[in-house]
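# Residue-level structural notes
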Amino acid sequence: MVTFVRTQADADAADAPEAMLLVHARVGYNDVLSRRSQWEHFSVKYAEPTVIGTAVYALSAIDAGDLDTITSVSYTTGGVRHRLTYMTLDDAELQFGSDVNQARPVAWTVNAGNLVLYPTPGEVVDLEIRGFRKATAWPAGAGSTPGLPDEFHDAIAWYMLSGFYQSQEDL
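Scope of this entry: the structure provided in the associated data block. Everything numeric in this text was worked out from a predicted model, so none of it was measured. (Residues numbered from 1 in each chain as written. Predicted model: local features only at pLDDT ≥ 70, side-chain atom pairs only at ≥ 80, totals over all residues. Heavy atoms only, no water.)

This part covers the pairing of strand S10 (residues 126-133). Each regular strand carries side chains that alternate between the two faces of the sheet. Two strands pair when backbone bridges link them, and strand S1 (residues 43-49) and S10 are joined in this way by seven bridges, in the antiparallel orientation. Looking at the pairing, Val44 lines up with Gly131 of S10. (Pairing = 2+ DSSP bridges. Helix = DSSP H or I, 4+ residues; strand = E, 2+ residues; numbered from the N terminus.)

If you want it as structure tokens, here you go:
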């Protein structure tokens, strides 16, 4: 991408330093990512066992620690799949209150970066958590991989070129 920008702009490393071009690439990458909240290739499914008496599970501690958004929570017992109902925090607190009764969870919410189950689990079940992982940061160096499909490489390269021209005040 750096070579493309320098060739297209007829610039050398002094005119178009790699550090500056990589800033434009990162801005382009983040711009593309921000245009959609749930990219299909970021879809994940993690297994997380419950702990008896524990209702709160940090998203950062679930599997790889890269979970960004949860779309569903379920578990299977006796060959039957049970899907937990999503509730807002307010609705969950209204329905379940601060009740410390323990049972199989029937509902979930997210609060302050934590998955919260209602009621508090009274037995161990293996949760199946589906959602979307966080995007990786723009690659830090040669050999690292961006989190977007290859089809976006050209768009980011053109974004870099545009950023270079803007920095030269050549719109």
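Right, let's talk about helix H2 (residues 18-34) for a bit. Residues spaced three or four apart along an α-helix point in a common direction, a consequence of the helix completing one turn every 3.6 residues. Taking 1.5 Å of rise per residue, 17 residues should cover 24 Å, and H2 covers 24 Å from first to last C-alpha, within 8% of that figure. Along H2, the positions that sit buried rather than exposed are Leu21, His24, Ala25, Gly28, Tyr29, Val32 and Leu33. Here the buried face of H2 lies against helix H1 (2-9) and helix H4 (153-167). (Expected span 1.5 Å × (residues − 1). Buried < 20%, exposed > 50% of the residue type's maximum accessible area, 1.4 Å probe, protein only. Contact = heavy atoms within 4.5 Å.)

Let us now look at a nonpolar patch on the surface. A surface patch of nonpolar side chains, amounting to about 220 Å² of accessible area, comprises Val23, Val27 and Tyr159. Position of Val23 relative to the elements: it lies in helix H2. (Patch = residues over 30% accessible without salt bridge, like charges linked within 9 Å, V, L, I, M, F, W, Y side chains within 5 Å. Areas by Shrake-Rupley, 256 points an atom, 1.4 Å probe, with all protein chains shown as cover. Salt bridge = Lys/Arg side-chain N within 4 Å of Asp/Glu carboxyl O.)

Further remarks concern the sheet that holds strand S4 (residues 80-83). If you trace the four strands from one edge of the open sheet to the other, you get S1-S10-S3-S4, paired in antiparallel fashion. Every other strand in the sheet has two partners, leaving S1 and S4 as the edge strands with one partner each. Put simply, the sheet's adjacent strands are angled 30° from each other on average, direction ignored. (Axes fitted to C-alpha atoms, helices over the stretch in contact; angles between N-to-C directions.)

Bringing the environment of Val116 into the picture now. Its place among the elements puts Val116 in strand S8 (residues 114-118). Take Val116: its relative accessible area is 9%, and that puts it in the buried class. As a C-alpha pair, Val116 and Ala92 span 24 residues in sequence and 9.6 Å in three-dimensional space. Contacts of Val116, omitting those with residues within four sequence positions, involve Ala55, Val56, Ala107, Trp108, Thr109 and Asn111.

The next thing to look at is the pattern of salt bridges. Evaluation of the coordinates by the stated rule reveals four salt bridges. Measuring nitrogen to oxygen at the nearest pair gives 3.0 Å for the salt bridge that ties Arg35 to Asp31. Of the charged contacts, one joins Glu128 and Arg81 as a salt bridge, the two residues approaching to 3.1 Å between their closest N and O atoms. Taken together, the residues Glu128 in strand S10 and Arg81 in strand S4 connect sequence positions 47 residues apart.

Let's shift gears to the sheet that holds strand S7 (residues 107-111). In space, the four strands of this open sheet follow the order S2-S8-S7-S5, with mixed pairing throughout. What marks the edges here is a single partner per strand, and that holds for strand S2 (56-58) and strand S5 (85-86). In this structure, S7 lies alongside S8, joined through five bridges in antiparallel fashion. Residue pairing in the sheet places Val110 in a bridge with Leu115 of S8.

Turning our eyes to something else, we now look at unusual backbone geometry. With an omega of -15°, the peptide bond running from Tyr118 to Pro119 counts as cis. You will see that Asp10, though not glycine, has its phi angle at about 50°, which is positive. Mapped onto the elements of the fold, Asp10 is located in the loop between H1 and H2. Using a relative accessible area of 71% as the deciding quantity, one classes Asp10 as exposed.

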